[in-house]
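# Examination of the molecular architecture
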Amino acid sequence: MSKDGSKETLTVTDNRTGKAYELPITNGTIRAMDLRQIKVEENEFGMMSYDPAFTNTASTKSKITYIDGANGVLRYRGYTIADLAENASFLEVSYLLANGELPNRSNLDEFVHNITYHTLVHENIRQFIDAFRYDAHPMGILTSTVAALSTFYPDAKHVSDPETRRLQMYRLIAKMPTLAAYAYRHRRGLPYVYPDNDLSYAGNFMSMLFKMTEVKYRPSPVIEKALDTLFILHADHEQNCSANAMRSVGSSQVDPYSATAAACAALYGPLHGGANEAVVRMLHEIGSVAKIPEYLEKVKRGEVRLMGFGHRVYKNYDPRAKVIKKLAYQVFDEVGKNPLIDMAVELERIALEDDYFGSRRLYPNVDFYSGIIYQALGLPVDMFPVLFAIGRTPGWIAQWEELLTDEEQRIARPRQIYLGYDERKYVPIMQRG
Ligand code: CMC
């Protein structure tokens, strides 16, 4: 019963038989398995729901991330993204995602120590990366080398052991920046830089990316903080395509390196982690502020999409985009302005005043400004999804941990509606037309 005394059930009448079924409602949902009892003949399989792309199917209960798309709200474990971006560090947020609570000082020190302790990768990984072509996409290198880590840590397959899971979490969060930086250096033909554990998580990543001949790389505190904040903004986004890949593959109880490789592969796709790159390309294509109205007319005629605008879940300003826009100016004060920012700001202003975008509730998303910052840092566009992957790793692991400790979860195995041939006989090749 609900508070007002109404029944928390849904009555479904099958008009084929006239039979009514009362299905319990819990947390505003019915269980798809409760539909199975609905059948015409006793020996039938029973009713299923059909939901390609899971647009209206909850695949899990979760306590990690909350999104209210209509109102532009994103919270990790109850804390708003703006609050965390303003006040926390990325490793603090990683701890929060993994443990459900913010760490106290000693928890955080221990966590940071455990991550820092694992930043090196086995020397064989370097040879492995060397074997890629000189122009290999860094996301392809990252995906393959993360998968390869499972061969270095065979203990990782004991996924039912909480201590083993924790150790792999430290290793994954620690090693992703190392693999990412190695992928970048390989591409540029530069020597690999070992991790510097005196530096912060973001500072060490910058050192592995940008260190040249200096004895010690000293990151700019502004850029270090900006990168750390960008990682926070990407840390989790509930059941998106890559988190779903992590969970689906992880549900077979494979080791977390293999599952993370699957998540990276999902993120690699242009509809997921690749949009920030598309925004930069689009701004170059537009060319100047004066040409924005002309470009927007093309968008409105349906010839092109306005990249970095619109979202499946957010029907309001993406709260991450707000933080990133502010961050962009802090970065530009340090490294010089990326001229694309003026065009982006003007594009946003004109689009938001236009009824086409207003009526469809299309607002800037996380990708609208992030690529402009990455570009200002001197990173090539194909590194953008790699940065996304580093930030998203604690989210993937938290989703994986939640999956493995959820007693209701089993191997992910959707059903299908078979519309193919009925049984038919093999025809020898000479008799085929
Ligand atoms: N530019 C122009 N029109 C758009 C856009 C856009 N970016 N996005 C949606 N629309 C229109 C679309 O044409 C449709 O109009 P109509 O009703 O007249 O046919 C209406 O808005 C609804 O669009 P939809 O395709 O049903 O929306 P969706 O939820 O399936 O798509 C989206 C979401 C993100 C794929 C889409 O908005 C898009 O392609 N955006 C550009 C790419 C982009 O920025 N992607 C990054 C997403 S955020 C990163 C992440 O979380 O991975």
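About the thresholds
Residues numbered from 1 in each chain as written. Predicted model: local features only at pLDDT ≥ 70, side-chain atom pairs only at ≥ 80, totals over all residues. Heavy atoms only, no water. Helix = DSSP H or I, 4+ residues; strand = E, 2+ residues; numbered from the N terminus. Rg over C-alpha atoms; globule rule 2.2 N^0.38 Å. Buried < 20%, exposed > 50% of the residue type's maximum accessible area, 1.4 Å probe, protein only. Core = buried A, V, L, I, M, F, W, Y, C linked by side-chain atoms within 4.5 Å. Expected span 1.5 Å × (residues − 1). Bend = angle between axes of the 7 residues up to and from the residue. Near = heavy atom within 4 Å. Polar contact = N/O pair within 3.5 Å; in protein donor to acceptor, adjacent residues only side chain to side chain. Areas by Shrake-Rupley, 256 points an atom, 1.4 Å probe, with all protein chains shown as cover. Pairing = 2+ DSSP bridges. Axes fitted to C-alpha atoms, helices over the stretch in contact; angles between N-to-C directions. Parallel < 35°, antiparallel > 145°, perpendicular 65-115°, else oblique. Left-handed = near helix turned anticlockwise from the far one by under 90°. Contact = heavy atoms within 4.5 Å. Domains from an automatic or database assignment. Lys, Arg positive; Asp, Glu negative; His and termini not counted. Salt bridge = Lys/Arg side-chain N within 4 Å of Asp/Glu carboxyl O. Patch = residues over 30% accessible without salt bridge, like charges linked within 9 Å, V, L, I, M, F, W, Y side chains within 5 Å.

Along the protein chain, the regular secondary structure elements total 17 helices and five strands. Taking 22 Å as the expected radius of gyration for a compact globule of 433 residues, we find that the protein chain reaches 24 Å, a close match to that expectation. Overall, the protein chain is about 80 × 70 × 55 Å in size when its C-alpha atoms are taken along their principal axes. Going through the 433 residues of the protein chain one by one, you find that 47% of them count as buried.

Of all hydrophobic cores here, the largest spans 110 residues; its most connected members are Tyr-76, Leu-142 and Leu-306. A total of 12 residues in this core trace back to one element, the largest contributor, which is helix α6 (residues 162-188).

So, about helix α17 (residues 384-404). The first and last C-alpha atoms of α17 sit 30 Å apart over 21 residues, in line with the 30 Å expected at 1.5 Å per residue. The sharpest bend along α17 comes to roughly 45 degrees, located at Arg-392, with the proline Pro-394 sitting one to four residues further on. Most of α17 is tucked away, with 19 of its 21 residues classed as buried.

For the ligand, the set of nearby residues contains 17 residues, the closest of which are Arg-305, Leu-306, Gly-308, Phe-309 and Asn-365. Arg-305 is positioned with one of its side-chain polar atoms (N or O) 2.9 Å from an oxygen atom of the ligand. The separation between an oxygen atom of the ligand and a polar main-chain atom of Gly-308 is 2.8 Å. Contact with the protein chains hides 69% of the accessible area of the ligand, taken as 940 Å² for the molecule alone.

Our focus in this paragraph is the pairing of strand β1 (residues 9-14). Successive side chains on a regular strand alternate, one facing one side of the sheet and the next facing the other. Judged from the six bridges that link them, β1 and strand β2 (residues 19-24) form a sheet pairing that is antiparallel. Bridged to Thr-11 within β2 is Glu-22. Linking two consecutive strands that pair antiparallel, namely β1 and β2, is a turn of four residues; a positive phi of about 80 degrees is found at Gly-18 within it.

All right, on to the packing of helix α9 (residues 241-250) against helix α10 (residues 256-268) then. It is the contact of α9 with α10, at a shortest axis distance of 8 Å, that shows an interaxial angle of 150 degrees. Judged on the interaxial angle alone, α10 and α9 are roughly antiparallel. In this structure, α9 meets α10 at a crossing whose hand is right-handed. Together, Cys-241, Ser-242, Ala-245, Met-246, Val-249 and Gly-250 of α9 and Pro-256, Ala-259, Thr-260, Ala-262, Ala-263, Ala-266 and Leu-267 of α10 make up the contact between the two elements.

Either a parallel or an antiparallel arrangement is found when strands of a sheet pair, and the pairing is made through backbone hydrogen bonds. With respect to topology, three strands assemble into an open sheet ordered β3-β4-β5, the strand pairing being antiparallel. The open sheet terminates on both sides in strands that have one partner only, identified here as β3 (65-68) and β5 (79-80). Bridging between β3 and strand β4 (residues 73-76) involves four bridges; their strand directions are antiparallel. When the bridges of β4 are listed, Ile-67 appears paired with Leu-74.

On to the domain arrangement of the protein chain. Note: interface size is frequently given as the accessible area lost on complex formation between the parts. Parsing the protein chain into structural domains produces domain 1 (9-50) and domain 2 (60-408). Measuring from the centre of the C-alpha atoms in domain 1 to the corresponding centre in domain 2 gives 41 Å.

Turning our attention to the environment of Ala-265. Checked against the element boundaries, Ala-265 lands in helix α10. A relative accessible area of 43% means that Ala-265 is categorised as partly exposed. Along the chain, Ala-265 and Lys-7 lie 258 residues apart, while their C-alpha atoms are 44 Å from each other.

A few words now on the side chain of Arg-185. In this fold, Arg-185 is placed in helix α6. Despite being buried, Arg-185 has no salt bridge partner; Glu-214 is the closest side chain of opposite charge, sitting 7.9 Å away. For Arg-185, the contacting residues outside a window of four places in its chain are Leu-190, Pro-191, Tyr-192, Val-193, Met-208, Leu-209, Phe-210, Lys-211 and Met-212.

Nonpolar side chains collect at one region of the surface, where Phe-45, Met-48, Tyr-50, Ile-417 and Leu-419 lie side by side and expose about 580 Å² of accessible area between them. A relative accessible area of 30% means that Met-48 is categorised as partly exposed.

Of note in this structure, Ala-53 is not a glycine but carries a positive phi near 70 degrees. With respect to the helices and strands, the residue Ala-53 is situated in the loop between β2 and β3. Look at Ala-53 and you get exposed, because its relative accessible area is 63%. In this structure, Arg-77 takes a positive phi of about 50 degrees despite not being glycine. Mapped onto the elements of the fold, Arg-77 is located in the loop between β4 and β5. What makes Arg-77 partly exposed here is its relative accessible area of 22%.

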